[in-house]
Amino acid sequence: MYLQAFVDTGNEWLNGELKTYIKSFINERTKCSSVVFLKDIKTAKEQDQDQILTYCFCDPPDNEQAFYRPSTSFMMSFFNHVDCWVYKDKLSILAEQWKRKRLTSMFCASLPETVCFQLDYADFLEEKFDEEEFCSLKQSLEENEKDDVSVDQRHWWILKPAMTDGGYGIRLFSSVAELRSWFEELPDDDTDTIVPEIEELPDGRLRSSLLRRFIAQRYVASIPLRNGKKFHIRAYVLAIGGFRVFVHREMLVIDALCEYVHPSEPNALQSALTNTSLQTEKDRDANRHRYWDSFADDNWKEKTFEQICEITAEVFEAGANLIFPGKFGY
């Protein structure tokens, strides 16, 4: 008995992980002795006496043939429009649209003011500031330029490439000049292509310097600290079916490398980043802690965990209503 499987998520790394997971089911208990991975869903064979299942994991718009294979031995798994849960700008837009008609939404208190934009060249930055979505950012930076505003009184913002992880390309800024200087550091594109070809780092990550989608978020400078350091809480979430969402009670607290300082200080960025990918293996071990062992106030820990669960549920509810409009309660 064998299994046919078609895996096409649009992400080679994820494809590989899914194929490895599927292979783990090849054992005597499942009565399946082998798996055949297909390059095209069109090449899938109809059921025969030796085939137990055709499993398809893909993005439907790119694989419409998957919808036209009615069979008791054909199973399909997909989430369309998952961009709203993956990319920073899409998630911010989703949250903004969701909370407009829901004044009691958790997003209203948990998500900093965010500006999403695409910038192909540094020369176009001035034009961006004339656009409506840049209004609040422009006013904030202009307020910072007033003579009676000290550095400590400035409104700070944090710039993040929308499609990368690992802390790549993140910058703090409080003026137009600081923002412009970062974009001017990007390599010039000698071709006529608006968005340059995206190169990869040796470990497969994208070069954020070659990406053109960004978010600018109002930076929260006054924050609770743990042993003088900034930290973030990493939660592990499982979503199944349509939808049941589970938040694992065991979470991690991850500290920054150095003690937190005001964003106007020279090493402010290093003190603000808690990404483990920016730390050595030794640092990661020293800066990762179990959530329930990291804070003395039990009431605060329980309340924070409840908030994380509520925010997680709303993120998935908002995304699900975007994917399947009207299928989920508000």
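Participant: It is not clear to me how the sheet that holds strand S7 (residues 171-173) should be interpreted in this structure. Could you clarify?
Facilitator: The strands that make up a sheet are held in pairs by hydrogen bonds between backbone atoms, and each pair lies either parallel or antiparallel. Ordered by their spatial adjacency, four strands build an open sheet running S5-S8-S6-S7, and the pairing between neighbours is antiparallel. The sheet is open, and its two borders are formed by strand S5 (114-118) and S7, each paired with just one other strand. Put simply, the sheet's adjacent strands are angled 25 degrees from each other on average, direction ignored. When strand S6 (residues 157-161) meets S7, the two strands line up antiparallel, connected through three bridges. Bridge assignment links Leu159 to a residue of S7, and that residue is Arg171. Contacts between helix H3 (residues 88-99) and the sheet are confined to S5, S6 and strand S8 (213-218), with S8 contributing the most and set at about 55 degrees to the helix. Packing against the sheet, helix H6 (residues 135-144) makes contact with S5, S6, S7 and S8, and its axis sits at approximately 135 degrees to S6.

Participant: Would you mind going over the pattern of salt bridges with me for this structure?
Facilitator: Once the charged atoms of two side chains with opposite charge are near each other, the side chains can pair. A complete count under the given rule lists 14 salt bridges for this structure. Two residues, Glu96 and Arg100, come together in a salt bridge whose shortest N-O distance is 3.8 Å. Salt-bridge contacts for Arg290 lead to Glu250; the nearest nitrogen and oxygen are separated by 3.2 Å. On the criterion of sequence distance, the pair formed by Arg290 in strand S13 (residues 288-290) and Glu250 in the loop between strand S11 (244-247) and strand S12 (252-255) is long-range, its members being 40 residues apart. Judged by relative accessible area, which is 32%, Glu250 ranks as partly exposed. Among the ionic contacts, a cluster of salt bridges with common partners joins Glu96, Lys99 and Arg100.

Participant: Just to check I follow, could you spell out the layout of surface pockets for this structure?
Facilitator: Over the atoms, a rolling probe the size of a water molecule traces out where space has been left empty. In this structure, the second largest pocket encloses a volume near 350 Å³. Lining the second largest pocket are 14 residues; nearest its centre among them are Glu96, Arg100, Thr114, Val115 and Glu133. The element contributing the most residues to the lining of the second largest pocket is H3, with five residues. Grouping the amino acids of the lining of the second largest pocket by side-chain chemistry returns five nonpolar, four polar and five charged.

Participant: Help me understand the environment of Arg212, please; the structure alone is not making it clear to me.
Facilitator: Position of Arg212 among the secondary structure elements: in the loop between helix H7 (176-184) and S8. Distance in space between the C-alpha atoms of Arg212 and Met163 is 9.0 Å, their sequence separation being 49 residues.

Participant: What's the story with a nonpolar patch on the surface in this structure? I'm lost.
Facilitator: On the surface, a cluster of nonpolar side chains totalling about 250 Å² of accessible area is made up of Leu238, Ile240 and Phe246. You can see Phe246 is positioned in strand S11. Under the relative-accessibility criterion, Phe246 is labelled partly exposed at 40%.

Participant: Could you clarify how one ought to interpret the environment of Asp89 in this entry?
Facilitator: The topology assignment puts Asp89 in helix H3. Discounting residues that sit within four places of it in the chain, Asp89 has contacts with Cys116, Ala162, Arg213 and Ile215.

Participant: Got a minute to help me understand unusual backbone geometry in this structure?
Facilitator: The phi angle of most residues is negative, glycine excepted, and most peptide bonds adopt the trans form. Not every positive phi belongs to a glycine, and Asn227 is a case in point at roughly 55 degrees. Summarising the element assignment, Asn227 is placed in the loop between S8 and strand S9 (231-234). Among the residues examined, Asn227 registers a relative accessible area of 64% and is labelled exposed.

Participant: Please explain the sheet that holds S12 as it appears in this structure.
Facilitator: With respect to topology, three strands assemble into an open sheet ordered S9-S12-S13, the strand pairing being antiparallel. The open sheet has two free edges, formed respectively by S9 and S13, since each of these has just one partner strand. Mean inter-strand twist for the sheet, computed between neighbouring axes without regard to direction, equals 25 degrees.

Participant: I keep staring at the confidence of the model for the protein and nothing clicks. Help me out?
Facilitator: When pLDDT drops low, the exact placement of atoms in the prediction is not to be read closely. Chain-level statistics for the protein give a pLDDT mean of 79 and a share of 74% at 70 or above. Low pLDDT, under 50, characterises residues 189-199; the predicted model gives this stretch 18 contacts beyond four residues in sequence or across chains. Note that residues 326-330 has pLDDT below 50 and, in this model, 11 contacts with residues that lie over four places away or in other chains.

Conventions used here
- Position numbers for residues count from 1 along each chain, tracking the sequence in the order it is written.
- Where totals are concerned, whole chains, interfaces and linings use all residues; where local detail is concerned, this predicted model gives features only for residues with pLDDT of at least 70, and gives and counts side-chain atom pairs only at 80 or more.
- Water and hydrogen atoms play no part in the side-chain values, which are based on all heavy atoms of the structure.
- Think of it this way: DSSP has to see at least two bridges between two strands before they count as a pair.
- The helix count covers DSSP runs of H or I at least four residues long, the strand count covers runs of E at least two residues long, and both are numbered beginning at the N terminus.
- Each axis is a line fitted through C-alpha atoms, taken for helices only over the stretch in contact, and angles between the N-to-C directions span 0 to 180 degrees.
- The contact criterion used is simple: two residues touch if any of their non-hydrogen atoms lie within 4.5 Å.
- Salt bridges are identified by distance alone: a Lys or Arg side-chain nitrogen within 4 Å of an Asp or Glu carboxyl oxygen.
- Note on exposure labels: buried denotes an accessible area under 20% of the residue type's maximum, exposed denotes more than 50%, and partly exposed covers the range between, all computed with a 1.4 Å probe on protein chains only.
- Note on definitions: the grid is 1 Å and covers protein atoms alone; a cavity is a set of points where a 1.4 Å probe fits but cannot get out; a pocket is an open set with protein on both sides within 12 Å along at least five of seven lines; lining residues have an atom within 4 Å of a point.
- Grid points are joined across faces, edges and corners, and a volume is the space filled by probe spheres set on the points.
- The classification used treats Ala, Val, Leu, Ile, Met, Phe, Trp, Tyr, Cys and Pro as nonpolar, Asp, Glu, Lys and Arg as charged, and all other residues, Gly among them, as polar.
- Two joining distances apply to patches: 9 Å for like charges and 5 Å for nonpolar side chains (Val, Leu, Ile, Met, Phe, Trp, Tyr), and every residue must have over 30% relative accessible area and no salt bridge.
- Methods summary: accessible areas were calculated by the Shrake-Rupley approach with a probe of 1.4 Å, and residue burial reflects only the protein chains presented.
- On a scale of 0 to 100, pLDDT captures the predictor's confidence in every residue.

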